[in-house]
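# Structural description and commentary
Chain by chain, the residues run as shown.
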Amino acid sequence: MVFTGAGVSAESGLGTFRGSDGLWDKYRIEDVCTHEAWLNNPQLCVDFYNIRRKEALAAQPNEAHKAIAELQQAFPNTQIITQNIDDLHERAGAQNVVHLHGELTKLRSENDDLATVPLKGWEQHYGDRHPDGSLLRPYVVFFGEAVPYFSVACEIAAKAELFIVVGTSLNVYPAASLLQYVPKNTPTYLIDPAEVSIHLTDHIKHIQEPATKGVRELVDALKKSL
Ligand code: APR
């Protein structure tokens, strides 16, 4: 199982959320990424995700996305779970990616968190409606909302034989708690150039490298073991 966060897309030019120069330094979560924000100023939410979409469309998958897709080709049972709303895993060739926090390439009904429609291009026009009659909103899990695919992710984590975590600060729950569902003693690799908050053991190793280097080297080593 591969579990990714914003750091896997950082070298494609997409900003991470936390840390210096992170997105949450430039925007307030409560202005753009909560249900209240959507009710109080939907245009601001739409504008915020339109910018994210424009940036994602302009970005290219990097060596880490490509290596993860190769890992899945070499080991077809590989499951990829991401917190990212970009589609760089898919554009690198990955299959069946579980997006815990939504997807930029879709919009959703205001009334039903899984009633999505595809969106071509970068621009959502506020006021457009879902076939069910409700307003369309970004297909993004806002802070405070339920994570519809979390139970699916837990089932996958519970069966993991190897667990690779790439580029997440593990600050946002429930996503961060996925680690607790992985069977004890499962070999686990955390790939992140920064210090990690997880207690390292014989089974949990920190590869302190950027994703493009750390993931590529790990995947090449795993492929050699075939
Ligand atoms: N390679 C790997 N990791 C990197 C790189 C890189 N080149 N650059 C930065 N990182 C690491 C950072 O050190 C940090 O640990 O990526 C992590 C990014 O953390 P966050 O910005 O907190 O992103 P993430 O963990 O994905 O955030 C989770 O928070 O706001 C929400 O919904 C949003 O899905 C997001 C969630």
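Everything quoted here is computed from the prediction, not taken from an experiment.

Conventions used here
Residues numbered from 1 in each chain as written. Predicted model: local features only at pLDDT ≥ 70, side-chain atom pairs only at ≥ 80, totals over all residues. Heavy atoms only, no water. Helix = DSSP H or I, 4+ residues; strand = E, 2+ residues; numbered from the N terminus. Rg over C-alpha atoms; globule rule 2.2 N^0.38 Å. Buried < 20%, exposed > 50% of the residue type's maximum accessible area, 1.4 Å probe, protein only. Contact = heavy atoms within 4.5 Å. Areas by Shrake-Rupley, 256 points an atom, 1.4 Å probe, with all protein chains shown as cover. Lys, Arg positive; Asp, Glu negative; His and termini not counted. Charge placed at Lys NZ, Arg CZ, Asp CG, Glu CD. Phe/Tyr/Trp six-rings, centres within 6.5 Å; stacked < 30°, edge-to-face > 60°. Lys NZ or Arg CZ within 6 Å of the ring centre and 35° of its normal. Near = heavy atom within 4 Å. Polar contact = N/O pair within 3.5 Å; in protein donor to acceptor, adjacent residues only side chain to side chain. Nonpolar A, V, L, I, M, F, W, Y, C, P; charged D, E, K, R; others polar. Pairing = 2+ DSSP bridges. Axes fitted to C-alpha atoms, helices over the stretch in contact; angles between N-to-C directions. Expected span 1.5 Å × (residues − 1). Core = buried A, V, L, I, M, F, W, Y, C linked by side-chain atoms within 4.5 Å.

## Here's the deal with the overall build of the protein
Of regular secondary structure, the protein possesses nine helices and nine strands. Radius of gyration (C-alpha) of the protein: 17 Å, near the 17 Å computed for a compact globule of 226 residues. Each principal axis of the C-alpha distribution contributes one length, and for the protein these read about 55 × 35 × 30 Å. Counting the 226 residues in the protein, one finds 48% classified as buried. Long-range pairs, those at least 24 residues apart, make up 63% of the contacts in the protein between residues at least 6 apart in sequence. Entry remark: accessible area of the protein is about 11300 Å², with carbon and sulfur atoms responsible for 51%. Of the side chains in the protein, 20 bear a positive and 29 a negative charge, and the two mean positions are spaced by 3 Å.

## Remarks on the packing of aromatic side chains
The description of an aromatic ring pair uses the distance of the two centres, along with the angle that the planes make with each other. The full count for this structure, using the stated rule, is nine aromatic pairs. Ring geometry for W38 against Y126: centres 5.9 Å apart, planes inclined by 80 degrees, an arrangement best described as edge-to-face. Of the two residues, W38 sits in helix 4 (residues 35–40) while Y126 sits in the loop between strand 5 (116–118) and strand 6 (136–140), which places them 88 residues apart along the sequence. Exposure remark for W38: the relative accessible area of 2% places this residue in the buried category. Chaining the aromatic ring pairs together yields one cluster made of F17, W24, Y27, F48, Y49, F142 and F143. In this arrangement the basic side chain of R52 is found over the ring face of F48, its NZ or CZ atom lying 4.5 Å from the centre. The ring of W122 has K54 sitting right over it, with the charged end atom 4.2 Å from the ring centre.

## Some words on the site of the ligand
As a matter of local geometry, the ligand sits amid 21 residues, with F17, R18, T168, S169 and D192 nearest to it. Contact distances for the ligand include 2.8 Å between a nitrogen atom and a backbone N or O atom of A211. Tallied by class, residues from the shell around the ligand come to 10 nonpolar, eight polar and three charged.

## So, the sheet that holds strand 2 (residues 80–82)
An order of 3-2-1-7-8-9 is seen for the six strands of this open sheet, with the pairing classed as parallel. In the strand order of this sheet, the two ends are held by strand 3 (98–99) and strand 9 (204–207), each with one partner. The sheet contacts of helix 6 (residues 63–74) involve strand 1 (2–4), strand 2 and strand 7 (163–166), and relative to strand 1 the element is tilted by about 160 degrees. Strands in contact with helix 9 (residues 211–224) are strand 7, strand 8 (188–191) and strand 9; relative to strand 8, the strand with the most contacts, it is inclined by about 155 degrees.

## Details of helix 9
Along its 14 residues, helix 9 runs 19 Å from first to last C-alpha, staying within 8% of the 20 Å computed at 1.5 Å per residue. Those residues of helix 9 that sit buried are A211, G214, V215, R216, L218, V219 and L222. Buried residues belonging to helix 9 abut helix 1 (7–10), helix 6, strand 7, strand 8 and strand 9.

## Comments concerning unusual backbone geometry
Between Y173 and the following residue, P174, the backbone shows a cis peptide bond with an omega angle of 10 degrees. Among the structural elements, P174 can be located in the loop between strand 7 and strand 8. Phi at D21 is positive, roughly 70 degrees, even though this residue is not glycine. With respect to the secondary-structure elements, D21 resides in the loop between helix 1 and helix 2 (23–26). By relative accessible area, which is 59% here, D21 ends up exposed. We note that N96 has phi near 50 degrees; this positive angle belongs to a residue other than glycine. With respect to the helices and strands, N96 occurs in the loop between helix 7 (88–91) and strand 3.

## Digging into the nonpolar core
Ranked by internal contacts, the top residues of the largest apolar core, which has 22 residues, are M1, F3, I81, L100, F163 and L178. Every element with two or more residues in this core is listed here: helix 8 (150–158) and strand 7. Here this core gets five residues from one element, more than from any other, and that element is helix 8. Apart from the residues within four sequence positions on either side, F3 is in contact with I81, Q83, L100, F163, I164, V165, V166, T168, L170, A175, L178 and L179.

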